[in-house]
Amino acid sequence: MAEVVSPVPGAGRREPGEVGRARGPPVADPGAALSPQGEIIEGCRLPVLRRNQDNEDEWPLAEILSVKDISGRKLFYVHYIDFNKRLDEWVTHERLDLKKIQFPKKEAKTPTKNGLPGSRPGSPEREVPASTQASGKTLPIPVQITLRFNLPKEREAIPGGEPDQPLSSSSCLQPNHRSTKRKVEVVSPATPVPSETAPASVFPQNGSARRAVAAQPGRKRKSNCLGTDEDSQDSSDGIPSAPRMTGSLVSDRSHDDIVTRMKNIECIELGRHRLKPWYFSPYPQELTTLPVLYLCEFCLKYGRSLKCLQRHLTKCDLRHPPGNEIYRKGTISFFEIDGRKNKSYSQNLCLLAKCFLDHKTLYYDTDPFLFYVMTEYDSKGFHIVGYFSKEKESTEDYNVACILTLPPYQRRGYGKLLIEFSYELSKVEGKTGTPEKPLSDLGLLSYRSYWSQTILEILMGLKSESGERPQITINEISEITSIKKEDVISTLQYLNLINYYKGQYILTLSEDIVDGHERAMLKRLLRIDSKCLHFTPKDWSKRGKW
């Protein structure tokens, strides 16, 4: 969801998902035909040699996306099937297994078996699971359960529901009101999910529960739980439709082409770090042929050479991001940057972020966004560690649009610190928030971990009164943490804490969950101190404040 201005002179505002097509490394003609000799062309699939995380050789299936010739030597840009795009790379002929090559099929003139044309005409045919053939789309994989709803028009009540019928977090219905229940078809075994304010009792799980907390049901509400890294909606025929892409900066992939599928920057030098980009970013085309792209680590302006960077540093007087410093504790600081007042910095930040974010599109206008940049201080200045952006006005309660920790600082707790800071701002604003969907794979892992630790911290801190089991509602958890109710319910589902016992929902915390949580919290050394936050929310509904 990086909000970016194209630095190409004369470029105008782009529509969502639109990315410049005249950029990237030189590629062969995408329409090249298959030669009689059977040479390797775009669209071919074959095993390619690579090293895995254990430093062992493996031969995963890969697709040839592009071919180029450098000094008489051919290089092939490959995408490993079922692997993340950040692993795509240029390989030599020696790493290809030509014995198992699959040439691309010609585009079919008639629909395929599922009634729809293939997703990529030039690709070899693939087997489509039976469950997805009906819709012709790849469905997101649920965390725990899959439910389908048969909803009547105007949300009419469906009588006859059983009081102990399992409900998903997408229904949030009152278990005691049979006449107002929606009919739920359980496709796979499900754990009952409570509504937002219904009281419940708690019992030990297998005799090993250390704490048990009651959960509680309120008004009917259709929630949208974060089961996967993509939002899904229920279609009228009961089959989940394609991922919902209504976020302000979500890429709909309608303009995805051979250029934007390929990394176009070889290396970026940012301060004392050299970064290897994961994805395409629309830097000017003349910069994509350079072995290294040099960036000023304070204003993020880019240059063609080290000499250009050194000349720029003699003129650049910034030693921290522009904007207001709203948090400082130790060496960690956060700066709030207005996308309208600091347009150049915001655009450069988004160009850099797009190198590591794949699910988001680029926008010309950064005015509707605020950027919160986390830095680490030393004697030379404030060095960027990561950032997140958010809309000044969000109609869907989004408190994060894009979030990124730069690769040199990953796996050090900074990702959770960024997430915690975003929710701390939501607490000051008096709102609940949720990140914009879809999340990347790494983003989803970070958010799940943060939600789990935060909610378990609340549950384990409850104390029983007069010997009774402690009780808490979904609404109360949401108000304390500023985590949206749908995310609270999906996290409880993910942790498998919810059980339905004697007519009420209970939460059981086993010794394993408690011990695992305590070990994780011992490793989490970086935390946000609300006393160090100096932040006053603004009313962005008044356009004059933009």
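Procedures and definitions
Residues numbered from 1 in each chain as written. Predicted model: local features only at pLDDT ≥ 70, side-chain atom pairs only at ≥ 80, totals over all residues. Heavy atoms only, no water. Helix = DSSP H or I, 4+ residues; strand = E, 2+ residues; numbered from the N terminus. Buried < 20%, exposed > 50% of the residue type's maximum accessible area, 1.4 Å probe, protein only. Contact = heavy atoms within 4.5 Å. Areas by Shrake-Rupley, 256 points an atom, 1.4 Å probe, with all protein chains shown as cover. Expected span 1.5 Å × (residues − 1). Axes fitted to C-alpha atoms, helices over the stretch in contact; angles between N-to-C directions. Parallel < 35°, antiparallel > 145°, perpendicular 65-115°, else oblique. Nonpolar A, V, L, I, M, F, W, Y, C, P; charged D, E, K, R; others polar. pLDDT = per-residue confidence, 0-100. Lys, Arg positive; Asp, Glu negative; His and termini not counted. Salt bridge = Lys/Arg side-chain N within 4 Å of Asp/Glu carboxyl O. Polar contact = N/O pair within 3.5 Å; in protein donor to acceptor, adjacent residues only side chain to side chain. UniProt positions renumbered as here; feature names shortened; annotations may be inferred. Pairing = 2+ DSSP bridges.

### Describing the overall build of the chain
So, point 1. On a plain count of helices and strands, the chain comes out with eight helices and 22 strands.
So, point 2. A total of 546 residues make up the chain; the buried ones form 49% of that total.
So, point 3. Partitioning the intrachain contacts of the chain with sequence separation of at least 6 by distance along the chain shows that 65% fall at a separation of at least 24.
So, point 4. For the chain, the computed accessible surface area is about 27300 Å², with 49% contributed by carbon and sulfur atoms.

### Looking at helix α4 (residues 414-429)
Owing to its 3.6 residues per turn, the α-helix brings residues three or four apart onto one side.
So, point 1. The end-to-end C-alpha separation of α4 is 23 Å, in line with the 22 Å expected for 16 residues at 1.5 Å each.
So, point 2. Where α4 is concerned, the buried positions are Y414, L417, L418, I419, E420, F421, S422, Y423, E424, L425 and S426.
So, point 3. Positive backbone phi, at 75°, marks G430, one or two positions downstream of α4.

### Comments concerning the packing of helix α5 (residues 441-460) against helix α7 (residues 485-494)
The axes of two packed helices give the description: the angle between them and the distance between them.
So, point 1. Where α5 meets α7, the axes come as close as 10 Å, and the angle between the chain directions of the two elements is 90°. With respect to each other, α5 and α7 are oriented roughly perpendicular. Here R448, W451, S452, I455 and L459 of α5 come into contact with α7, specifically with D487, V488, T491, L492 and Y494.
So, point 2. Looking at side-chain class alone, the contact of α5 with α7 contains six nonpolar, two polar and two charged residues.

### Thoughts on the confidence of the model for the chain
So, point 1. This prediction gives the chain a mean pLDDT of 73; 64% of its residues lie at or above 70.
So, point 2. The low-confidence segment residues 199-214, where pLDDT is below 50, has 58 contacts with residues more than four positions distant or belonging to other chains.
So, point 3. Segment residues 216-247: pLDDT under 50, and 104 contacts once partners within four positions in sequence are set aside and those in other chains are kept.

### Quick look at the side chain of K354
So, point 1. By the secondary structure assignment, K354 is in helix α3 (residues 343-354).
So, point 2. Notably, K354 is buried but unbridged: the nearest opposite-charge side chain belongs to D358, and the N-O separation is 4.7 Å.
So, point 3. One polar contact links the side chain of K354 to the main-chain carbonyl oxygen of F280, over a distance of 3.2 Å.

### Thoughts on the UniProt feature "active site" (unreviewed entry) in the chain
So, point 1. Following the UniProt record, one finds the feature "active site" (unreviewed entry) at E436.
So, point 2. If you trace the backbone, E436 turns up in the loop between β20 (434-435) and α5.
So, point 3. Owing to a relative accessible area of 1%, E436 belongs among the buried residues under this scheme.

### Concerning the sheet that holds strand β16 (residues 369-378)
So, point 1. Read from one edge to the other, the open sheet built from five strands follows the order β14-β15-β16-β17-β19, with strand pairing classed as antiparallel. Two strands lie at the open edges of the sheet, namely β14 (324-329) and β19 (402-405), each paired on one side alone. Direction aside, neighbouring strands of the sheet carry axes that sit 20° apart on average.
So, point 2. Of the strand pairs in this sheet, strand β17 (residues 381-391) and β19 are connected by four bridges, and their pairing is antiparallel. Within the sheet, the bridge partner assigned to G386 lies in β19 and is T405.
So, point 3. Those strands touched by α4 are β14, β15 (332-338), β16, β17 and β19, and its axis lies near 55° from that of β17.

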